[in-house]
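These are the residues of each chain, in order.
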Amino acid sequence: MHPQEQPASVAAVDDKPRVGWGFITLHALAYTGTWLALLTPVLVTIALRVRNLAPETAASSLSLVLGLGAFFALVGNPLFGRLSDRTTSRFGMRRPWLIGGVICGALALLMIATATSIAMVLIGWCLAQLAFNAVLAAIIAVLPDQVPVEQRGTVAGVMGVCLPLGQVSGTYLVQSVATSTLHTFMVPAAICVAVVLLFAVMLPDRRLAPGQVPPLGWRDVIAIYWVNPRQYPDFGWTWLSRLLLVLGTAFLNTYQPFYLIDKLGHAEVEIPTLIFQGILVQTVAIIAVSILGGRLSDAIGRRKIFVVIGGAVYAIGLWVIAAAPDYPTFLLGMTITGIGHGVYFAVDLALVTDVLPNRWRDAAKDLGIFNVANALPQAIAPAVAPVILALTGGNYTWLFAIAGSIALMASVTILPVKSVR
């Protein structure tokens with residue numbers, strides 16, 4: 001861990017002390033736990049909950065729940081990031097949001113697990129998105145807060161493994177406790193609470209004195225959701241690249257259950273296990289390349305080439321899934337997307353911290369705006385996918401072929417970045 005907490009009056013320099021593997025491990029566990037609680041419902045449990053409550057309107061109800069929930073994530077992440085940047089609590093800037101967010105998120109998942117209507121599921125998911133995005137805003141801000149430039153590729157590579165680990169852990173837990181709806185939601189939530197609280201307690205958090213925070217004016221309110229891409233074009237291009245890559249993945253993550261049932265002909269009872277197996281092979285591929293990619297990026301001092309290659313490989317994986325005639329071919333496509341995901345996300349987070357407009361004063365707010373690129377696709381995909389399926393007669397080949405083309409554009413849009421090699 002860091003030797004001591006840093007006051008905000010310290011100049012915005014990058015000669016921070018190197019972080020140890022104890023700090024990196026706790027950071028990664030908290031990040032993984034948050035994705036475990038947040039993505040397991042997206043991948044499996046909300047789709048099955050909606051199908052159980054409203055089988056006749058499952059697809060449209062799922063789109064409503066996930067789409068509106070993603071809107072709350074889109075609003076919440078920059079907002080809570082800005083509030084975190086301005087927090088003058090004696091407990092630190094990030095710690096209050098980690099603790100409050102994870103407890104509220106777990107309670108929201110409990111609401112979904114015990115829901116008796118689609119309306120309750122919708123309200124619960126919107127609250128969960130707000131709460132867990134407060135946690136994510138604080139966790140991500142720890143990277144520029146605490147990690148020196150020469151280690152950011154390595155730490156970002158480790159964090160690049162966290163999201164898929166959260167996915168595979170969640171799908172494993174769900175198929176292990178599939179007989180209990182309550183357990184499928186609350187076991188991942190309980191694990192998340194435990195690891196985030198542990199990290200929050202151990203974090204050598206930055207602290208702001210009340211006098212260091214100027215009053216919040218109307219320009220500051222607007223700035224919560226805006227970084228001028230003309231003034232900071234590298235941030236803008238990096239944001240767009242992430243948006244396109246995550247949009248491609250959102251089609252896959254959201255519609256896997258229906259794809260496996262409607263296109264490949266599997267029974268609903270098989271879906272948790274089939275999704276777990278797919279996420280497992282994807283995660284193995286991600287782990288195989290992610291940490292290595294991050295360390296290699298630090299060693300050679302380059303970021304862009306990794307992001308370009310990662311987006312292109314992910315697109316190929318989606319195209320393989322689009323053409324898959326059977327489940328083994330689907331697994332092959334998932335493996336290829338895992339390789340692309342590992343290469344892209346191992347370095348992309350390090351790249352964005354290098355192009356932040358002001359990483360000391362506005363890190364959480366600007367990273368919150370960047371995380372809109374993660375949340376917005378969760379609203380776009382459920383809105384666009386039903387249109388694509390309607391126009392193609394429910395053809396999932398077209399859906400995932402289009403998703404692959406979108407992912408490929410993520411490679412192209414990183415090329416104009418100039419301040420990072």
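Position numbers for residues count from 1 along each chain, tracking the sequence in the order it is written. Predicted model: local features are reported for residues with pLDDT of at least 70 only, side-chain atom pairs are reported and counted for 80 or more only, and whole-chain, interface and lining totals are derived from all residues. With hydrogens and water set aside, each side-chain value is computed from the structure's full complement of heavy atoms.

Q: Teacher, can you tell me more about the packing of helix α8 (residues 233-263) against helix α9 (residues 271-300) here?
A: Angle between the axes and distance between the axes are the two parameters that describe a pair of packed helices. Running from amino to carboxyl end, α8 crosses α9 at an angle of 130 degrees, the nearest separation of the two axes being 10 Å. The angle between the axes of α8 and α9 places the two elements in the oblique class. For the pair α8 and α9, the crossing hand works out as right-handed. In this structure, α8 contributes Leu252, Gln256, Pro257, Leu260 and Ile261 to the contact, and α9 contributes Ile271, Leu274, Ile275, Ile279 and Gln282. Residue classes in the contact of α8 with α9 are distributed as eight nonpolar, two polar and no charged. Helix axes are fitted only over the stretch in contact, all axes being lines through C-alpha atoms; the angle between N-to-C directions runs from 0 to 180 degrees. Under the scheme used here, helices are H or I runs from DSSP no shorter than 4 residues and strands are E runs no shorter than 2 residues, and both carry numbers assigned from the N terminus. By the definition adopted for this analysis, an angle is roughly parallel if under 35 degrees, roughly antiparallel if over 145, roughly perpendicular if from 65 to 115, and oblique otherwise. We call a crossing left-handed when the near helix sits turned anticlockwise from the far one by less than a right angle, and right-handed when that turn is clockwise. Contact criterion: two residues are considered in contact whenever any of their non-hydrogen atoms come within 4.5 Å of each other. Note on residue classes: Ala, Val, Leu, Ile, Met, Phe, Trp, Tyr, Cys and Pro are nonpolar, Asp, Glu, Lys and Arg are charged, and everything else, Gly too, is polar.

Q: Help me understand the packing of aromatic side chains in this model?
A: Within a pair of aromatic rings, the relevant descriptors are the distance that separates the centres and the angle that separates the planes. Paired rings are identified among Phe, Tyr and Trp, the last through its six-membered ring, by centres lying within 6.5 Å, and are further divided according to the angle between planes into stacked (under 30 degrees), edge-to-face (over 60) and tilted (the rest). What the rule picks out here adds up to 13 aromatic pairs. When the centroid spacing of 5.9 Å and the interplanar angle of 70 degrees are considered together, the rings of Tyr31 and Trp35 count as edge-to-face. A residue pair is termed a helical-turn pair when its members lie 3 or 4 positions apart in one helix, as Tyr31 and Trp35 do in helix α1 (residues 21-53) at four residues. The same class applies to Tyr31 as to Trp35, namely buried. Buried, partly exposed and exposed residues are distinguished by accessible area as a fraction of the type maximum, computed with a 1.4 Å probe on protein chains only: under 20%, between the cut-offs, and over 50%, respectively.

Q: Explain the pattern of salt bridges to me, please; I cannot follow it from the model alone.
A: Think of it this way: side chains of opposite charge can pair up when their charged atoms draw near. Here a salt bridge means any side-chain nitrogen of Lys or Arg lying within 4 Å of a carboxyl oxygen belonging to Asp or Glu. Summed over all chains, the structure comprises seven salt bridges. In this structure, the salt-bridge partner of Asp354 is Arg152, at a minimum N-O distance of 3.6 Å. Note that Asp354 is positioned in helix α11 (residues 327-354) and Arg152 in helix α5 (residues 149-176), a separation of 202 residues in sequence. The buried category is assigned to Arg152, whose relative accessible area is 0%. Residues joined in a network through salt bridges with shared partners are Asp85, Arg94, Asp145 and Arg206.

Q: What should I look at first to understand the nonpolar core in this one?
A: It is characteristic of soluble globular proteins that their nonpolar side chains tend to be buried jointly. We define a nonpolar core as any set of buried Ala, Val, Leu, Ile, Met, Phe, Trp, Tyr and Cys residues linked to one another through side-chain atoms lying within 4.5 Å. One finds Trp125, Phe251 and Phe330 to be the most contacted residues of the largest nonpolar core, which totals 121 residues. Looking at this core, the element that brings in the most residues is α1, giving 16 residues. Not counting residues within four places of it along the chain, the set of residues in contact with Trp125 comprises Leu38, Pro41, Val42, Ile46, Val65, Leu66, Gly69, Leu109 and Ile112.

Q: What exactly am I supposed to notice about the packing of α1 against helix α6 (residues 181-202) here?
A: At a closest axis distance of 8 Å, the pairing of α1 and α6 adopts a crossing angle of 160 degrees. When the interaxial angle is binned, α1 and α6 end up roughly antiparallel. The two elements α1 and α6 meet at a crossing, and its hand is left-handed. A class-by-class count of the residues in the contact of α1 with α6 yields 18 nonpolar, seven polar and one charged.

Q: Just to check I follow, could you spell out the confidence of the model for the protein chain for this structure?
A: Caution applies to low-pLDDT parts of the model: their predicted coordinates are not meant to be read in detail. Note: pLDDT gives the predictor's confidence per residue, expressed from 0 to 100. Of all residues in the protein chain, 92% have pLDDT values of 70 or greater, and the mean over the chain is 85. For the protein chain, the element scoring lowest by mean pLDDT is helix α7 (residues 218-223), at 64; helix α3 (residues 95-113) scores highest, at 96. Every residue in residues 1-13 is under pLDDT 50, and counting partners more than four places away or in other chains gives 32 contacts.

Q: What should I look at first to understand the state of the cysteines in this one?
A: Covalent bonding between the sulfur atoms of two cysteines is what defines a disulfide. Note on disulfides: each one is a pair of cysteine sulfur atoms within 2.5 Å. Enumeration over the complete set of coordinates arrives at zero disulfides. Looking at Cys126, it has no disulfide partner, and the nearest cysteine sulfur is the one in Cys104, 15 Å off. According to the relative accessible area criterion, Cys126 is buried, its value standing at 7%. Summary of cysteine pairing: Cys162 is not part of a disulfide, and the nearest cysteine sulfur, belonging to Cys192, is at 12 Å.

Q: Sorry if this is basic, but what is going on with helix α10 (residues 304-323) here?
A: Given 3.6 residues per helical turn, the α-helix brings residues three or four places apart onto the same face. Any helix carries an expected span of 1.5 Å times its number of residues minus one. Taking 1.5 Å per residue, 20 residues should reach 28 Å; α10 reaches 30 Å between its end C-alpha atoms and fits that length. Among the residues of α10, Lys304, Phe306, Val307, Val308, Gly310, Gly311, Tyr314, Ala315, Gly317, Leu318, Ile321 and Ala322 are the ones counted as buried. Looking at the buried positions of α10, the neighbouring elements they touch are α8, α9, α11 and α13 (396-412).

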